[in-house]
Amino acid sequence: MGEEELRSYNGSDITVSFDSARCLHFAECLRGLPAVFDVKARPWISPDNADADSVAEVVQRCPSGALQYIRRDGSAENPPDPTVVTVIANGPILLHGNLSLAARRETRAALCSCGRSSNRPFCDNTCHD
């Protein structure tokens, strides 16, 4: 992943990171907290526009794992146990759990099911182009 794909947005109590190469535009963030996640604003993520608990809850809705967070106290997302697998017809395979993918620890991921992604094992929506 290149530097241009991963960005961090610092708030007073929580930092949200965004990996553009993994975003599949489910828009859970935009619907969940439009005051924090606003694609028309710069920066588009403003963590201090809501309390840290609300920001964390909405970030955890991101099915691809493109959004992640860490709180100022060092705590991060606690994944479900057992891992939850959701297959989307003609789309990615969504994983949510204690994962080890592409040599890094993950809690959420959208994996390619068509085999054409240029970002494998992650889905990049190639099957929808």
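Residues numbered from 1 in each chain as written. Predicted model: local features only at pLDDT ≥ 70, side-chain atom pairs only at ≥ 80, totals over all residues. Heavy atoms only, no water.

A. Just the overall build of the protein chain, in detail. Secondary structure summary: the protein chain contains two helices and six strands in total. For 129 residues, the compact-globule estimate of 2.2 N^0.38 gives 14 Å, and the protein chain sits close to it at 14 Å. Structurally, the protein chain occupies a C-alpha span of about 40 × 35 × 25 Å along its principal axes. Expressed as a percentage of the 129 residues in the protein chain, the buried residues total 37%. Nonlocal contacts in the protein chain, meaning residues at least 24 apart in sequence, comprise 44% of its contacts between residues at least 6 apart. When the accessible surface of the protein chain is summed, it comes to about 7,300 Å², and 49% of that surface belongs to carbon and sulfur atoms. (Helix = DSSP H or I, 4+ residues; strand = E, 2+ residues; numbered from the N terminus. Rg over C-alpha atoms; globule rule 2.2 N^0.38 Å. Buried < 20%, exposed > 50% of the residue type's maximum accessible area, 1.4 Å probe, protein only. Contact = heavy atoms within 4.5 Å. Areas by Shrake-Rupley, 256 points an atom, 1.4 Å probe, with all protein chains shown as cover.)

B. A look at the pairing of strand 1 (residues 6-10). One ladder, built from five bridges, connects strand 1 with strand 2 (residues 14-19); its direction is antiparallel. Note on strand 2: the bridge partner recorded for Y9 is V16. Taken together, strand 1 and the strand that follows it, strand 2, pair antiparallel across an intervening segment of three residues. (Pairing = 2+ DSSP bridges.)

C. Unusual backbone geometry, seen in detail. Looking along the chain, the bond that leaves R42 and enters P43 is cis, with omega of -5°. For P43, the location among the structural elements is in the loop between helix 1 (28-32) and helix 2 (52-59). Residue P121 is reached from R120 by a cis peptide bond, and omega for that bond is 15°. In this model, H25 sits at a positive phi of 60°, which is unusual for a non-glycine residue. By the element assignment, H25 lies in the loop between strand 2 and helix 1.

D. Highlighting the pattern of salt bridges. Applying the stated criterion across every chain, the model contains seven salt bridges. Across the pair R31 and E28 runs a salt bridge whose closest N-O atoms are separated by 3.1 Å. Here R31 and its partner E28 are both found in helix 1, three residues apart, which amounts to about one turn of the helix. Across the pair E106 and R104 runs a salt bridge, and its minimum N-O distance is 2.4 Å. Relative accessible area serves as the criterion here: at 26%, R104 is assigned to the partly exposed category. Each of D19, R22, R104 and E106 takes part in a single network of salt bridges with overlapping partners. (Salt bridge = Lys/Arg side-chain N within 4 Å of Asp/Glu carboxyl O.)

E. Quick look at the sheet that holds strand 4 (residues 84-87). Within the open sheet, the three strands sit side by side as 4-5-6. Their pairing is antiparallel. The open sheet has two edge strands, strand 4 and strand 6 (104-111), and neither has a second partner. Each adjacent strand pair in this sheet contributes to an overall mean axis angle of 25°, direction not counted. (Axes fitted to C-alpha atoms, helices over the stretch in contact; angles between N-to-C directions.)

F. Examining the sheet that holds strand 3 (residues 67-71) more closely. Reading across the sheet, the three strands line up as 1-2-3 and stay open at both edges, with antiparallel pairing between neighbours. Single-partner strands in this sheet number two, and they are strand 1 and strand 3. The mean inter-strand angle of the sheet, taken between neighbouring strand axes irrespective of direction, is 20°. Those strands touched by helix 2 are strand 2 and strand 3, and its axis lies near 150° from that of strand 3.

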